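Listed below are the residues making up each chain.
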Amino acid sequence: MDKSDKIYVAGHRGMVGSAIVRRLTAEGHKNIIVRKSSELDLRDQRAVQNFFVTEQPQYVFLAAAKVGGINANNSYRADFLYDNLMIEANIIHAAYLTNVTKLLLLGSSCIYPKFAEQPIKEESLLTGSLEHTNEPYAIAKIAGIKLCETFRDQYGCNFISAMPTNLYGPNDNYDLDSSHVLPALIRKFHSAKLNGEKQVTLWGSGKPLREFLHVDDLAEASFFLMQHYNEPETINVGYGEDISIYDLGLLISDIVGYDGEIVFDSSKPDGTPKKLMDNSRINKLGWTPKIGLRKGISTVYKEVDKSHW
Ligand code: GFB
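Residues numbered from 1 in each chain as written. Predicted model: local features only at pLDDT ≥ 70, side-chain atom pairs only at ≥ 80, totals over all residues. Heavy atoms only, no water.

### Focus on the site of the ligand
Inference 1: Lining the immediate surroundings of the ligand are 23 residues, of which Ile-70, Lys-188, Arg-210, Pro-269 and Asp-270 lie closest.
Inference 2: In the environment of the ligand, an oxygen atom lies 2.8 Å from a nitrogen or oxygen atom belonging to the side chain of Ser-108.
Inference 3: Separating an oxygen atom of the ligand from a side-chain N or O atom of Lys-188 is a distance of 2.7 Å.
Inference 4: When the ligand is considered free in solution it has 690 Å² of accessible area, and contact with the protein chains removes 97% of it.
Inference 5: Those elements that provide at least two residues to the shell around the ligand are helix H3 (70–75), helix H6 (181–195) and strand S7 (199–203).
Inference 6: In terms of residue count, H6 provides more of the shell around the ligand than any other element does, four residues in total.
Inference 7: Here the residues of the shell around the ligand are counted per class, giving eleven nonpolar, eight polar and four charged. (Near = heavy atom within 4 Å. Polar contact = N/O pair within 3.5 Å; in protein donor to acceptor, adjacent residues only side chain to side chain. Areas by Shrake-Rupley, 256 points an atom, 1.4 Å probe, with all protein chains shown as cover. Helix = DSSP H or I, 4+ residues; strand = E, 2+ residues; numbered from the N terminus. Nonpolar A, V, L, I, M, F, W, Y, C, P; charged D, E, K, R; others polar.)

In structure tokens form, the structure reads like this:
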């Protein structure tokens, strides 16, 4: 990618897309194009095609998606499937029609089977049943991987896909019904500390294990893959270690300075028991994460706007 090449970042207001724009800007890229969803509905095939025909981007980072935590995935199952299928199909097809030089699709570690062998290798894809709570989202993301693969096979398009683990960072969603666990816990412990509450309730059993990557590390990996990865197979982007939800609660309560009790609401789902990625493929290419979990969470906690919690 030359500094003047035209780069479209789809989903630039989200946590991932905004981190990619920050990274590209820091690398000196000046020709970045973006559209808000009010300006371009990515579920609208004609609008997406018109946009690509008019703008002719050379590189595309596909970070637009309907995303959320376990409750949002499980509650809005139709929206997670439909919106994500439409966004991916429209952008990937328009990128093919307008001869985009290279496209990177970002997915999620939930594409792998619920009981995949750990750490999860890319080869585990489609070897077993998915976790029920996020099956619609996972099916949409698997379709996205297959769109990249098949447009490469049939038409020679340089479309790649990468599967990040659970992410956190600036511009995360802190709504307690729809967020992921890490921002939810930051908000819960912060509010409990301010209000002098004796207990904080976490969902499920606290036993599931999750791997967390700072979104600035993902943005750096995305930039790296755009220059160095040209293979049909998807590639994992993870942190390399996981932590139980209970231990994450202890870590965040310590960072926030909350010293009350942690209790669990077992009526809420646990989801996948463990999903640690095998990151050896991207590590061998020369990329490793740089932001440690305690440091990353501390920075996010310090910088996030807590005024309306
Ligand atoms: O981050 P999370 O919502 O999603 O939840 P997943 C991870 C674990 O934390 C689950 C527990 O076991 C939750 O029950 N948890 C405990 C909480 N307390 C809370 C809380 O207050 N809020 C939330 N949200 N969780 C998502 C998928 O799965 O991960 C998506 O649904 C996507 O499709 C994403 O793949 C990366 O890690 O279970």
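### Some remarks on empty space enclosed by the protein
Inference 1: Using the criterion set out here, one finds one cavity of 30 Å³ or more in the structure.
Inference 2: The space that makes up the largest cavity amounts to roughly 40 Å³.
Inference 3: Forming the walls of the largest cavity are Ser-109, Cys-110, Tyr-112, Pro-113, Lys-114, Ile-120, Thr-272 and Lys-275.
Inference 4: Here the residues of the lining of the largest cavity are counted per class, giving four nonpolar, two polar and two charged. (1 Å grid on protein atoms, 1.4 Å probe; cavity = no way out; pocket = protein on both sides within 12 Å on 5 of 7 lines; lining within 4 Å. Points joined across faces, edges and corners; volume = space filled by probe spheres on them.)

### Things to note about the side chain of Ser-179
Inference 1: Examined against the element boundaries, Ser-179 turns out to sit in the loop between strand S6 (166–168) and H6.
Inference 2: When neighbours within four sequence positions are excluded, Ser-179 is seen to be in contact with Gly-69, Asn-173, Tyr-174 and Ala-184. (Contact = heavy atoms within 4.5 Å.)

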